[in-house]
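Close look at the chain arrangement
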Amino acid sequence: PADIAAFVGQLLGGENPEKKKSLQGRRFVVTAGATIEAIDPVRFISNHSSGKMGYAIAGALAARGADVTLVSGRTALPTPAGVRRTDVLSAAEMYDAATAAFDRADGAVMCAAVADYTPDTVSETKIKKCGGEMCITLRRTRDIAAELGARKGSRLLVGFALETHDEQANAEAKLAKKNFDFIVLNSLRDAGAGFRGDTNKVTFIDRSGREELPLMPKSEVAERIADKIESLLK
Ligand code: PMT
């Protein structure tokens, strides 16, 4: 029923028929969800991202007529109507899929929660417990957003920052370092924001200032991001 409702809504252009084709002819890459980094065939390192925020963005862009490639970590969510989905597991797989899709895109929205570190080696067999402590050596993953930022040219790049402290300063540093056009800050200090839930409380930050939005459904946050993308592309 949700797919049918979304499809009919897309055909009818939702409440605002003007929005129906406003991103027609534009191509976007959206990353969403958590990456998982294998330790052995049984265990992995990951995070709490459900994919909901990224999936809402992919759906909102597709509903406006855009051609959307959703590069998705493992989630339980259905693919939004009209969206092409590439499933990945690790940060390395997400890097390959996102960089390849970005070559043909007008822009990208980097909503995934990507592992910054991965086990240096993956055991081929289940690691057995022993008496003492154990250490896993981690090495850095490649930063997908920074790579797209370095090669973006005139294309649009939107980042996210999930913070727990020094939110504004950390988000501004990521905006500059990864060459985002704007960054969407969400903080775990705000009730109803961040991982897993159906709402988020975000602040848009760009080089000219900040716009703080109230707590709202992730579907509405996605519409506001799509509005900002549209105005920047004009
Ligand atoms: O999926 P949900 O449960 O709905 O939760 C949504 C969310 C909290 C995951 C989302 O709103 C969010 O904040 N996503 C970014 C989370 C994050 O890990 O941000 P970061 O500050 O670590 O990374 C900064 C930016 O670089 C992000 O755009 C991230 O996608 C990108 N990045 C980071 C590391 C890396 N190796 N490659 C990247 O592309």
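Before reading further, recall that the structure is shown in the block above.
Residues numbered from 1 in each chain as written. Predicted model: local features only at pLDDT ≥ 70, side-chain atom pairs only at ≥ 80, totals over all residues. Heavy atoms only, no water.

**Observations concerning the nonpolar core**
The biggest cluster of nonpolar side chains holds 32 residues, and the ones touching the most others in it are Ile57, Leu61, Ile225 and Ile229. With eight residues, the single largest contributor to this core is helix H2 (residues 52-63). Ignoring any residue separated from it by four or fewer positions in sequence, one finds leucine 61 in contact with Leu23, Phe28, Val30, Ala66, Val68, Val109, Ala226 and Ile229. Residues Ala105, Met110, Ile144 and Leu175 belong to the second largest nonpolar core, which totals 24 residues. (Core = buried A, V, L, I, M, F, W, Y, C linked by side-chain atoms within 4.5 Å. Buried < 20%, exposed > 50% of the residue type's maximum accessible area, 1.4 Å probe, protein only. Helix = DSSP H or I, 4+ residues; strand = E, 2+ residues; numbered from the N terminus. Contact = heavy atoms within 4.5 Å.)

**A few points about the site of the ligand**
By nearness alone, 29 residues border the ligand, and Ser49, Ser50, Met110, Lys174 and Arg196 come closest of all. The fraction of the free accessible surface of the ligand (770 Å²) that becomes covered by protein chains is 95%. At the level of secondary structure, the elements contributing two or more residues to the shell around the ligand comprise H2, helix H4 (144-151) and strand S9 (156-163). If you tally residues by element for the shell around the ligand, the top one is S9, at four residues. (Near = heavy atom within 4 Å. Areas by Shrake-Rupley, 256 points an atom, 1.4 Å probe, with all protein chains shown as cover.)

**Quick word on the pattern of salt bridges**
Taken as a whole and judged by the stated rule, the model has 18 salt bridges. Measuring nitrogen to oxygen at the nearest pair gives 3.4 Å for the salt bridge that ties aspartate 103 to arginine 151. Of this pair, aspartate 103 sits in the loop between helix H3 (91-102) and strand S6 (107-110) while arginine 151 sits in helix H4, and the two are 48 residues apart along the sequence. Given the relative accessible area of 31%, arginine 151 is considered partly exposed. Among the charged side chains, a network of salt bridges with common partners joins Arg64, Glu223, Asp227 and Glu230. (Salt bridge = Lys/Arg side-chain N within 4 Å of Asp/Glu carboxyl O.)

**Things to note about the pairing of strand S13 (residues 209-212)**
Taken together, the four bridges between strand S12 (residues 202-206) and S13 define a ladder with antiparallel strand orientation. When the bridges of S13 are listed, isoleucine 205 appears paired with arginine 210. Linking S12 to S13, which pair antiparallel, is a turn of two residues. (Pairing = 2+ DSSP bridges.)

**Focus: the sheet that holds S13**
Strand order in the open sheet formed by eight strands is S5-S4-S1-S6-S9-S10-S12-S13, and the pairing between neighbours is mixed. For this open sheet the edge positions go to strand S5 (83-87) and S13, each flanked by a neighbour on one side alone. Shown here is a sheet whose adjacent strand axes are inclined to one another by a mean of 20°, direction ignored. As paired strands, strand S10 (residues 182-187) and S12 are joined by four bridges and run antiparallel to one another. (Axes fitted to C-alpha atoms, helices over the stretch in contact; angles between N-to-C directions.)

**What to know about the side chain of aspartate 40**
Relative to the helices and strands, aspartate 40 is located in the loop between strand S2 (37-38) and strand S3 (44-45). Here arginine 43 takes part through its side chain, which lies 2.4 Å from a polar atom of the side chain of aspartate 40. Only 3.0 Å separates the side chain of aspartate 40 from the backbone nitrogen of isoleucine 127, close enough to count as a polar contact. If we skip the residues at most four places from it in the chain, aspartate 40 touches Val122, Ser123, Thr125, Lys126 and Ile127. (Polar contact = N/O pair within 3.5 Å; in protein donor to acceptor, adjacent residues only side chain to side chain.)

**Some thoughts on the packing of aromatic side chains**
Here the structure, examined in full by the defined rule, presents one aromatic pair. Judged by centre distance (5.5 Å) and plane angle (65°), the ring pair of phenylalanine 182 and phenylalanine 204 falls under edge-to-face. Residue phenylalanine 182 is found in strand S10, and its partner phenylalanine 204 is found in strand S12; the two are separated by 22 residues along the sequence. When sorted by exposure, phenylalanine 182 lands in the same class as phenylalanine 204, which is buried. The ring centre of tyrosine 95 lies 3.7 Å from the NZ or CZ of arginine 142, which sits over that ring. The lysine or arginine in question, lysine 228, covers the ring of phenylalanine 182, its NZ or CZ lying 5.0 Å from the ring centre. (Phe/Tyr/Trp six-rings, centres within 6.5 Å; stacked < 30°, edge-to-face > 60°. Lys NZ or Arg CZ within 6 Å of the ring centre and 35° of its normal.)

**Side note on unusual backbone geometry**
Peptide bonds are, in most cases, trans, and in most cases residues other than glycine have a negative phi. The phi dihedral of aspartate 166 is positive, around 45°, even though this residue is not glycine. Structurally, aspartate 166 can be placed in the loop between S9 and helix H5 (167-177). Owing to a relative accessible area of 51%, aspartate 166 belongs among the exposed residues under this scheme. Even without a glycine there, the phi angle at asparagine 179 is positive, about 60°. Relative to the helices and strands, asparagine 179 resides in the loop between H5 and S10. Given the relative accessible area of 33%, asparagine 179 is considered partly exposed.

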